[in-house]
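Now for the letters of each chain:
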Amino acid sequence: ETSPLYCQKVIFGSIIEALTGNKRIQKGLTGSLIGTSSTGNWNFIKGPGKAIFKTPNDSMTYVQVSKYGIYHFKWNYEKNECKHIGITSILFSRR
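The structure presented is a predicted model; accordingly, all values stated were derived computationally and were not measured.

**Some thoughts on the sheet that holds strand β6 (residues 58–65)**
Here is step 1 of the chain: Here 3 strands make up an open sheet; going across it, the order is β3-β6-β5 and the pairing antiparallel. Each edge of the open sheet is held by one strand with a lone partner, namely β3 (30–39) and β5 (51–53). Within this sheet the neighbouring strands show an average axis-to-axis angle of 30 degrees, counted without direction.
Here is step 2 of the chain: In this sheet, β6 lies alongside β5 in antiparallel orientation, the contact comprising 3 bridges. In the strand pairing of β6, I52 is matched with Q64.

This is the structure in structure tokens:
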């Protein structure tokens, strides 16, 4: 559903956040991720290969992927009994 006042997609029991500061194109197979809270958890959603997080419970971490292409990641944490979710996509490129 979309709220007419805020034009924001609503998932009941969750808040979806935009994750700013993340590079959309990353040269090489290693990149950085920046979440919105100091504690939470990074998850690998989808991509052409595997993804390994250096510190998956840290909002600012590095991720190494096994193949070039577009990868999707989710950062989630709870605050005031509400689940917050942020999703970002990164293109890992040879150039």
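Let us keep going from here.
**Section: a nonpolar patch on the surface**
Here is step 1 of the chain: A contiguous nonpolar patch, built from I25, I70 and L91 and spanning about 260 Å² of accessible area, is present on the exposed surface.
Here is step 2 of the chain: Along the chain, L91 turns up in strand β8 (residues 82–93).

**Side note on the environment of T30**
Here is step 1 of the chain: Residue placement: T30 occurs in strand β3.
Here is step 2 of the chain: If we ignore the near neighbours within four places in the chain, the residues touching T30 are V63, Q64 and F92.

**What about the confidence of the model for the chain?**
Here is step 1 of the chain: Mean pLDDT over the chain stands at 82; residues scoring 70 or higher make up 77%.
Here is step 2 of the chain: No element of the chain has a lower mean pLDDT than strand β1 (residues 14–18), which averages 67, and none a higher one than β5, which averages 98.
Here is step 3 of the chain: In this model residues 1–10 is a low-confidence stretch, pLDDT under 50, and it forms 10 contacts with partners more than four residues away in sequence or in other chains.

**Re the environment of V63**
Here is step 1 of the chain: As for its placement among the helices and strands, V63 is situated in strand β6.
Here is step 2 of the chain: Exposure remark for V63: the relative accessible area of 1% places this residue in the buried category.
Here is step 3 of the chain: Beyond its immediate sequence surroundings of up to four residues, V63 is in contact with L29, T30, G31, L33, A51, I52, F53, F73 and F92.

Reading the values: the criteria
- Residues numbered from 1 in each chain as written.
- Predicted model: local features only at pLDDT ≥ 70, side-chain atom pairs only at ≥ 80, totals over all residues.
- Heavy atoms only, no water.
- Pairing = 2+ DSSP bridges.
- Helix = DSSP H or I, 4+ residues; strand = E, 2+ residues; numbered from the N terminus.
- Axes fitted to C-alpha atoms, helices over the stretch in contact; angles between N-to-C directions.
- Patch = residues over 30% accessible without salt bridge, like charges linked within 9 Å, V, L, I, M, F, W, Y side chains within 5 Å.
- Areas by Shrake-Rupley, 256 points an atom, 1.4 Å probe, with all protein chains shown as cover.
- Salt bridge = Lys/Arg side-chain N within 4 Å of Asp/Glu carboxyl O.
- Contact = heavy atoms within 4.5 Å.
- pLDDT = per-residue confidence, 0-100.
- Buried < 20%, exposed > 50% of the residue type's maximum accessible area, 1.4 Å probe, protein only.

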